Amino acid sequence: MAKKTRKKSRKKDSFFMKPSDDRIRKIAGTLCIFLSIYLTVAFVSYFFTWKFDQDKVLHLSGSILFNGDVHVENWLGRLGAYTSHLFFYWGFGVASVLIVYLIGKLGFDLLRRQSMIKFANEAAHVILIMSFIAVVAEFVFRNSEFSWGGLMGYSIYAYMGSFLGQIGLVLFFILLVSTGIIWIFNPKIKLEPIKLTTGFDNFSFPKLNFTVSPQSLKDSIPFKAKEKKSRKKLFEDLEGAIPKTDIKDEGVQLDPVDSIELNLPDSLEVKAKPSPSKETAEPQLELELDDKIVNESADNSQSRIKGPDMDCKKNIVEKENLDDFEPYDPTKELSNYKVPTFDLLEDYSDSRVSINREELEENKNQIIKTLLNYNIKITKIKATIGPTVTLYEIVPAPGVKISSIKKLEDDIALSLAALGIRIIAPIPGKGTVGIEVPNKNKQIVSFKEVVKTEKFQNAKMDLPIVLGKTISNEVFVADLAKMPHLLIAGATGQGKSVGINTVLMSLLYKKHPSQVKFVMIDPKKVELFPYSYLDKHFLGFLPNEEETIVTDTKKVISTLNSLTVEMDERYDLLKKARARNIKEYNAKFVARKISPKDGHRFMPFIVLVIDEFADLIMTAGKEIELPIARLAQLARAIGIHLIIATQRPSVKIITGMIKANFPARIAYKVTSQIDSRTILDHKGAEQLIGKGDMLLSVGSDIIRLQCAFVDTPEVENAIKHISDQPGFAEPFYLPEVADENGEIGDSNLKWSDLDPMFEEAARLVVGNQHGSTSMIQRKLQLGYNRAGRIVDQMESLGIVGEANGSKPRQVLFVSEMELIHYLEHLKKAN
């Protein structure tokens, strides 16, 4: 009898749906969609049949629905005639068609599990628009037989018409339309000052000749004002209001973590208990402010005073003096650059994990049964469902040794008939033992899902990367600049290339091209080739190279040596600027505390990506390992970070030097426990289930993650979005280095290989007898990379000597005539 009653109760529970059941949401969404379709047909029919049906509906009102003798012309019968009349005549008139959109939008939002808060805001906006359209329609067609504005439009129009009058009502409509345009499109409005001309315009005072400098303006400020306001604020007051742009990134709120507390075998009841989540418990409401300081028409702010002694020449305050007080904006050259949009990415929300309570109960019973077979008792068990793995946390009874639970890993895997069982005994920071069991129905964690979250969009990090989701369904965001280098290893086909694309796409969706550069090395030649189209935006490579993605081993050695030269040059600049790291240095450069005249420049972060490290070690050996080791040990402070991937995690590839300088390591599924210990210094990677399942080791902590999936078409779409936008005038070139013969770049340097500005720069250097990159930058208005490349070409042709630290190079030509004869001879020879 007991068994029969249990079965009946189960059937009853499964038949009646609870309010939180997902099926209710789906049914409601489907009803809303069908209701919107029904109203669409009724409204369209109303435009053709309202004359015939209006008298009947007005006369019978609601009783028309129950009077079968009444004949109407509406395509949907009496209900369609009554419903459309209700909305058009008693409602908002023609604006009632927006009701169809609103109900349809509600249905799709319910099916897609979208937030109702966002829908409520949109509904409020639609209702305001309906009211406005109804009033305008009633105002325009107030003498028409058709109820264009409906009762709502007529009521509002009648009140406002008597209150404001007809002309006032028109002005009020214009005001509403203007404010709506400003609110939606936020146009830039520039008002030129009105210049009044008088008879004294051509009058000049004799012997009046002086120049107004920013320093004199600054000294004229009272002492107390200097104390209260910063130097930048004072000049903002003098130059005028400087507009700033606020950027608000909208993220997608994550679903709360599903944490199921499972009862012991006495009862099969399952209670849902939400576990704390950073996404839900502490939503980040801070806005990211991207202050762009715009200095418009600098020439207008300069002082121009005429005097007879100077032949009416203008004494202008040089722009360089004003720049000393105006912060430098590295994004100014590409100020219109836009990050890729979310609609370029695929959505895999259909593969969400559904909580299978029967599976949870079955696994729980098997775990408890296996533990009891070995006399291990527990007091509590709880399940946390992740994208691909469910974590069962058990609390052992007093007196139970944790080591005895660790030994049962294979026995539990056998009882559950599952691959990839991993026991964490104990879980750090908790008094529980964790048993990770793969889900039968695994969820795809899409890159679109994680990149839209507020946690990533509001991340205050130098190089934020979103790797995927943790075992508790929390989005995991890390700072590559704090890692500071990343080692990725795993067997073939387990997700390494997808992981690299996830890291690179995170930076593309977050950073401006002036803030980060990628140096990519791909011995396989097929993994990173889509990024070659970013040569004018995000890529850094050696000059005079046809391929922006390095694939040749010889070029790899030159590229790595070039990065070490770049590292040494950056450390020299940090030493001159008295800064400890790239963040302090760039802050000083932006604040103009250090000048480009002294060779200083804004330094972007450089991310070196090597897709297959094992192949390079096999072909080049020490020539590859030594510069990699140097960069790994020293390059952190100056903003060069390494991402190295390999499918051969052996001690010959991942040496002790590499492991010591790569504290952050990602291990995908490997074939043996030895490989896992080689990568992580711990076992566990051999028990992963593949397809993006990975372990992240940061210091002593090991975190299990499901990597976010980004497919090749998504990467290509984002790259095309970026490459279609205007890029920098010249790419980010790495310093040229000497080859085995001691030559820089190409040993057979031809005149056609020289920079178009080479001859003018050479004459400038010889004429001033001063060989420095900063002088060429300043005089010829060239970028640092291009000016440095010209100086290297001068060195290779014997015009200037070798680099001497921060001092200018020695000029080897005495006069310009000697240089001209030499250049003419060089032209004829080539």
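See the structure shown above.
Now for a description of the structure that goes with this document. (Residues numbered from 1 in each chain as written. Predicted model: local features only at pLDDT ≥ 70, side-chain atom pairs only at ≥ 80, totals over all residues. Heavy atoms only, no water.)

**Some thoughts on the packing of helix 12 (residues 357-373) against helix 14 (residues 409-416)**
Axis separation between helix 12 and helix 14 bottoms out at 9 Å; the angle between their running directions is 140°. Comparing the axis directions of helix 12 and helix 14 gives the class oblique. Where helix 12 crosses over helix 14, the handedness of that crossing is right-handed. Together, N363, Q366, I367 and T370 of helix 12 and D411, I412, S415 and L416 of helix 14 make up the contact between the two elements. (Axes fitted to C-alpha atoms, helices over the stretch in contact; angles between N-to-C directions. Helix = DSSP H or I, 4+ residues; strand = E, 2+ residues; numbered from the N terminus. Parallel < 35°, antiparallel > 145°, perpendicular 65-115°, else oblique. Left-handed = near helix turned anticlockwise from the far one by under 90°. Contact = heavy atoms within 4.5 Å.)

**Here's the deal with the sheet that holds strand 8 (residues 475-479)**
Strand order in the open sheet made by the nine strands is 8-7-16-15-14-9-13-12-10, with mixed pairing throughout. Two strands bound the open sheet, and with one partner strand each, they are strand 8 and strand 10 (516-521). If you compare each strand with its neighbour and ignore which way they point, the axes differ by 30° on average. For strand 15 (residues 693-698) and strand 16 (residues 701-707), the ladder comprises six bridges, and the chain directions are antiparallel. Directly across from D693, in strand 16, lies its bridge partner Q706. Most of the contacts of helix 21 (residues 622-634) go to strand 13 (residues 640-646), to which it runs at about 130°, and overall it touches strand 12 (605-610) and strand 13. (Pairing = 2+ DSSP bridges.)

**Remarks on the packing of aromatic side chains**
The geometry of an aromatic ring pair is captured by two quantities: the separation of the ring centres and the angle between the planes. Following the criterion strictly, the structure yields 15 aromatic pairs and no others. Judged by centre distance (6.3 Å) and plane angle (70°), the rings of Y337 and F538 are edge-to-face. One end of the pair, Y337, is in the loop between helix 11 (319-323) and helix 12; the other, F538, is in the loop between strand 10 and strand 11 (540-541), and 201 residues separate them in sequence. Of the two residues, Y337 and F538, both sit in the buried class. Ring centres of F541 and Y733 lie 5.6 Å apart, and the angle between their planes is 85°; on these two criteria the pair is classed as edge-to-face. Within this pair, whereas F541 is found in strand 11, its partner Y733 is found in strand 17 (residues 732-733), the two being separated by 192 residues in sequence. Here F541 falls in the buried class, since its relative accessible area comes to 6%. Overall, the relative accessible area of 16% leaves Y733 in the buried class. In textbook terms, an aromatic cluster arises when at least three aromatic residues are bridged by ring pairs, as seen for F43, Y46, F47, F87 and F88. A cation sits over an aromatic face here: K510 above F456, 5.7 Å from the ring centre. (Phe/Tyr/Trp six-rings, centres within 6.5 Å; stacked < 30°, edge-to-face > 60°. Buried < 20%, exposed > 50% of the residue type's maximum accessible area, 1.4 Å probe, protein only. Lys NZ or Arg CZ within 6 Å of the ring centre and 35° of its normal.)

**A few points about the side chain of T390**
Residue placement: T390 occurs in strand 4 (residues 389-396). Polar side-chain contacts of T390 include one of 2.4 Å to the side chain of N439. Not counting chain neighbours up to four residues away, the residues in contact with T390 comprise L360, A383, T384, I385, I435, E436, V437 and N439. (Polar contact = N/O pair within 3.5 Å; in protein donor to acceptor, adjacent residues only side chain to side chain.)

**Some thoughts on helix 19 (residues 582-590)**
Of all the positions in helix 19, only I582, Y585, N586 and F589 are classed as buried. Considered in projection along helix 19, the buried side chains sweep an arc of 95° and stay on one side of the axis. Those residues of helix 19 hidden inside the fold are in contact with helix 18 (553-577) and strand 12. N-capping of helix 19 is provided by N581, with a side-chain oxygen placed 3.2 Å from the backbone N of K583. R592 lies just past helix 19 and shows a positive phi near 60°. (Arc of directions from axis to C-beta.)

**A closer look at the pairing of strand 10**
The buried fraction of strand 10 amounts to six of the six residues, a majority that puts the element mostly inside the structure. Burial of the side chains of strand 10 extends over both faces: V516, F518 and M520 are buried on one face and K517, V519 and I521 on the other. The pairing of strand 10 with strand 12 spans six bridges and is classified as parallel. Bridging across to strand 12, V516 finds its partner in F605.

**Focus: the nonpolar core**
Ranked by internal contacts, the top residues of the largest apolar core, which has 111 residues, are F447, M505, F518, Y531, L608, I624 and I628. Among the elements that line this core, the one with the most residues is helix 18, at eight residues. If we ignore the near neighbours within four places in the chain, the residues touching F518 are L504, L507, L508, F538, L539, G540 and V607. Counting 23 residues, the second largest nonpolar core, distinct from the first, contains F758, A762, L764 and F813. (Core = buried A, V, L, I, M, F, W, Y, C linked by side-chain atoms within 4.5 Å.)

**Things to note about the pattern of salt bridges**
With the rule as written, the count across this model stands at 25 salt bridges. Put simply, D693 and R704 hold a salt bridge, and the shortest N to O gap is 2.6 Å. Of the two residues, D693 is situated in strand 15 and R704 in strand 16; the sequence distance between them amounts to 11 residues. Neither residue differs from the other here; D693 and R704 are each classed as buried. Residue D724 pairs with K720 through a salt bridge whose shortest N-O separation is 3.0 Å. On the basis of relative accessible area, D724 is assigned to the exposed category, the value being 53%. (Salt bridge = Lys/Arg side-chain N within 4 Å of Asp/Glu carboxyl O.)

**A closer look at helix 14**
For helix 14, every residue scored as buried is listed here: E409, I412, A413 and L416. Along the axis of helix 14, the buried positions cluster into a sector of 100°, meaning they face one direction only. Turned more than 90 degrees from where helix 14 packs its buried face, D410 and L414 sit exposed. Buried residues along helix 14 sit in contact with helix 12, helix 13 (402-406), strand 5 (422-424) and strand 6 (433-438). Phi for A417, located one or two positions after helix 14, is positive at around 55°.

**Description of unusual backbone geometry**
Cis geometry is adopted by the peptide bond preceding P484, which originates at M483 and carries an omega value of -10°. Inspection of the secondary structure puts P484 in the loop between strand 8 and strand 9 (486-489). Even without glycine at this site, N473 takes up a positive phi of about 70°. Within the secondary structure, N473 is located in the loop between strand 7 (464-470) and strand 8. If you check the backbone angles, D681 has positive phi at about 65° while not being a glycine. Examined against the element boundaries, D681 turns out to sit in the loop between helix 23 (673-680) and strand 15. Classification of D681 by relative accessible area gives partly exposed; the value is 41%.

**What to know about the environment of D522**
Take D522: it is sitting in the loop between strand 10 and strand 11. Residues D522 and I549, spaced 27 residues apart in sequence, show a C-alpha to C-alpha distance of 6.8 Å. In this structure D522 touches E527, L528, F529, I549, V550, T551 and D611, once residues within four positions along its chain are discounted.

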